[in-house]
Amino acid sequence: MSRASGRSARLQRVEAFSPATVANVACGFDILGFAIDAPGDIVIAERGSRPGLRFADDEPNDGFPRELKANTAGFAAWSLLQHLGEGKTSITLRLQKGMARGTGLGSSAASAAAAVVAVNTLLGMPLPKQALLRFAVAGEQKADGAWHADNVAPSLLGGMILIRDNAALDVISLPYPKALHAVVVHPAVQILTADARRVLAPKVPRAQWIAQSGDLAALIAALCLGDLALLGRCLNDHIIEPQRKHLIPKYDAVKAAALAAGALGAGISGSGPSMFALAASRVVAKRVATAMQAVFRKARLPCNAWVSPINATGAYVKSAS
Ligand code: HSE
């Protein structure tokens with residue numbers, strides 16, 4: 001008898017949503033990230049008639065590969081099914097992208113996270129959510145070739161996630177002040193994470209390392225203490241921002257506008273081009289969003305903005321039948 005049997009094995013169709021994420025959070029390159037409420041990706045897993053996993057034949061031509069092992073959702077789901085010994089189980093995937101590629105919103109990670117939640121639920125929940133993480137990270141690795149969970153972990157698990165060790169996927173869900181609100185602004189340029197990783201120097205000068213360590217340690221303390229004033233002093237990126245900000249038009253002006261409008265701090269969301277800011281309330285966050293958008297728009301750069309509390313839920317099942 002397979003692990004998929006039992007009461008939940010009767011499910012025929014599961015629709016899962018997984019949210020966008022802000023990775024790095026200024027000083028936590030590859031080891032810190034948080035989820036926001038929207039946008040996000042949807043993966044629908046349906047039982048089919050032909051053995052094995054595949055994408056539906058009528059998937060849209062949205063620029064994302066639908067070759068199973070080249071797609072972050074496809075590879076994540078495939079890896080999970082292999083682990084469960086369910087490689088021959090007939091499952092059809094549908095992927096509804098809420099984010100384009102190369103936005104800095106964790107698009108590929110959200111697809112991977114939604115896929116493992118949808119498939120795991122369809123099979124009757126053989127694994128707890130946390131155990132799905134490594135399959136989702138394996139999926140996301142298909143996008144940029146690197147193994148880092150700073151988008152996948154918060155997209156899957158929700159909250160503000162610290163990754164002590166990416167290889168071991170030792171992740172810690174941090175507390176955070178509930179009033180904290182995020183602003184994410186996406187200007188209409190594309191930066192692929194793989195390209196943004198290639199611009200980074202392999203070595204870090206000692207002075208930058210010391211400054212970054214101080215800010216990261218203080219950021220964790222600020223979140224645990226609920227100390228927003230301290231949070232406002234430590235949202236600095238001494239290492240990555242100077243190497244990447246030239247990829248984002250008007251970066252310095254947008255960041256300055258965010259701070260002038262009352263943000264606690266601002267920086268690059270993941271590998272960009274999206275920029276994020278954190279604010280002490282929804283009211284301030286909305287003001288910050290308006291100020292950041294105004295700079296991009298003045299430069300004739302179309303942009304979208306989202307204001308959200310830190311999303312505590314992460315990926316979830318929208319419907320199951
Ligand atoms: N930590 C990764 C990077 C996140 O900045 O390259 C990519 O979204």
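Below, the structure is looked at part by part. (Residues numbered from 1 in each chain as written. Predicted model: local features only at pLDDT ≥ 70, side-chain atom pairs only at ≥ 80, totals over all residues. Heavy atoms only, no water.)

What about the pairing of strand S6 (residues 170-174)?
- In the sheet, strand S5 (residues 160-165) pairs with S6 via 5 bridges, with the strands oriented antiparallel. Paired with Asp165 across the two strands is Asp170, which belongs to S6.
- Connecting S5 to the next strand, S6, in antiparallel fashion are 4 residues, including Leu169 with a positive phi near 50°. (Pairing = 2+ DSSP bridges. Helix = DSSP H or I, 4+ residues; strand = E, 2+ residues; numbered from the N terminus.)

Points about helix H2 (residues 107-122)
- The first and last C-alpha atoms of H2 sit 23 Å apart over 16 residues, in line with the 22 Å expected at 1.5 Å per residue.
- Looking one or two residues past H2, Gly124 carries a phi angle of roughly 90°, positive in sign. (Expected span 1.5 Å × (residues − 1).)

Quick look at the site of the ligand
- Around the ligand sit Ala23, Asn24, Phe29, Asp30, His148, Asp150, Asn151, Thr193, Arg197, Arg244, Gly270 and Ser271, and those are all the residues in its vicinity.
- The contact in question runs from a nitrogen atom of the ligand to an N or O atom on the side chain of Asp150, over 2.6 Å.
- At a separation of 2.8 Å, an oxygen atom of the ligand approaches a polar side-chain atom of Asn151.
- The fraction of the free accessible surface of the ligand (260 Å²) that becomes covered by protein chains is 98%.
- According to the grid-proximity analysis, the pocket containing the ligand is the largest pocket.
- The residue makeup of the shell around the ligand, split by class, is 2 nonpolar, 6 polar and 4 charged. (Near = heavy atom within 4 Å. Polar contact = N/O pair within 3.5 Å; in protein donor to acceptor, adjacent residues only side chain to side chain. Areas by Shrake-Rupley, 256 points an atom, 1.4 Å probe, with all protein chains shown as cover. 1 Å grid on protein atoms, 1.4 Å probe; cavity = no way out; pocket = protein on both sides within 12 Å on 5 of 7 lines; lining within 4 Å. Sits in = over half its atoms within 2 Å of the grid points. Nonpolar A, V, L, I, M, F, W, Y, C, P; charged D, E, K, R; others polar.)

Considerations on the nonpolar core
- Ranked by internal contacts, the top residues of the largest apolar core, which has 44 residues, are Ile91, Leu93, Val119 and Leu156.
- Looking at this core element by element, the count peaks at 10 residues for H2.
- Among the nonpolar cores identified, the runner-up in size contains 32 residues, and Leu32, Ile36, Met99 and Leu278 belong to it. (Core = buried A, V, L, I, M, F, W, Y, C linked by side-chain atoms within 4.5 Å. Buried < 20%, exposed > 50% of the residue type's maximum accessible area, 1.4 Å probe, protein only.)

So, the sheet that holds strand S10 (residues 303-309)
- As summarised here, the arrangement of the 4 strands in space is S8-S9-S7-S10, forming an open sheet in which the pairing is antiparallel. The strands lining the two open edges of the sheet, one partner per strand, are strand S8 (265-268) and S10. Sheet twist, expressed as the average angle between the axes of neighbouring strands with direction ignored, equals 15°.
- Strands in contact with helix H10 (residues 282-298) are strand S7 (181-187), strand S9 (275-279) and S10; relative to S10, the strand with the most contacts, it is inclined by about 165°. (Axes fitted to C-alpha atoms, helices over the stretch in contact; angles between N-to-C directions. Contact = heavy atoms within 4.5 Å.)

Some words on the packing of aromatic side chains
- Considering all chains together, one arrives at 3 aromatic pairs under this definition.
- With a centroid separation of 5.6 Å and 50° between ring planes, the pair formed by Phe17 and Tyr316 is classed as tilted. On the criterion of sequence distance, the pair formed by Phe17 in strand S1 (residues 13-23) and Tyr316 in strand S11 (residues 316-320) is long-range, its members being 299 residues apart.
- Residue classification places Phe17 among the buried residues on the basis of a relative accessible area of 12%.
- Overall, Tyr316 belongs to the partly exposed group, its relative accessible area being 36%.
- Directly above the ring of Phe55 sits Arg66, whose terminal nitrogen or CZ lies 5.5 Å from the centroid.
- Positioned above the aromatic ring of Phe64 is the side chain of Arg101, whose terminal nitrogen or guanidinium carbon lies 5.2 Å from the ring centre. (Phe/Tyr/Trp six-rings, centres within 6.5 Å; stacked < 30°, edge-to-face > 60°. Lys NZ or Arg CZ within 6 Å of the ring centre and 35° of its normal.)

What to know about the environment of Ala289
- Residue position: Ala289 is located in helix H10.
- Spatially, the C-alpha atoms of Ala289 and Gly106 are 19 Å apart, while their sequence positions differ by 183 residues.

Quick look at empty space enclosed by the protein
- All told, the structure shown has 1 cavity of 30 Å³ or more when counted by the stated rule.
- Approximately 70 Å³ is the volume attributed to the largest cavity.
- Lining the largest cavity are Asn24, Ala26, Leu235, Asp237, Ile240, Glu241, Arg244, Lys255, Ala266, Gly267, Ile268 and Gly270.
- Listed by contribution, the elements that provide at least two residues to the lining of the largest cavity are helix H8 (241-244) and S8. (Points joined across faces, edges and corners; volume = space filled by probe spheres on them.)

What to know about unusual backbone geometry
- Residues Ala38 and Pro39 are joined by a peptide bond in cis, for which omega reads 5°.
- You can see Pro39 is positioned in strand S2 (residues 32-47).
- The phi torsion at Ala26 lies on the positive side, around 75°, for a residue other than glycine.
- Within the fold, Ala26 resides in the loop between S1 and S2.
- The buried category is assigned to Ala26, whose relative accessible area is 6%.
- You will see that Arg300, though not glycine, has its phi angle at about 60°, which is positive.
- Locating Arg300 in the fold gives a position in the loop between H10 and S10.

Points about a nonpolar patch on the surface
- A contiguous nonpolar surface patch, about 320 Å² in accessible area, is contributed by Val204, Trp209 and Ile210.
- For Trp209, a relative accessible area of 54% gives the class exposed. (Patch = residues over 30% accessible without salt bridge, like charges linked within 9 Å, V, L, I, M, F, W, Y side chains within 5 Å. Salt bridge = Lys/Arg side-chain N within 4 Å of Asp/Glu carboxyl O.)

Details of the environment of Val22
- Here Val22 is to be found in strand S1.
- Classification of Val22 as buried rests on a relative accessible area of 0%.
- Separated by 12 residues in the primary sequence, Val22 and Phe34 have C-alpha atoms spaced 5.4 Å apart.
- Discounting chain neighbours no more than four positions away, the residues touching Val22 are Leu32, Gly33, Phe34, Val184, Ser269 and Phe276.

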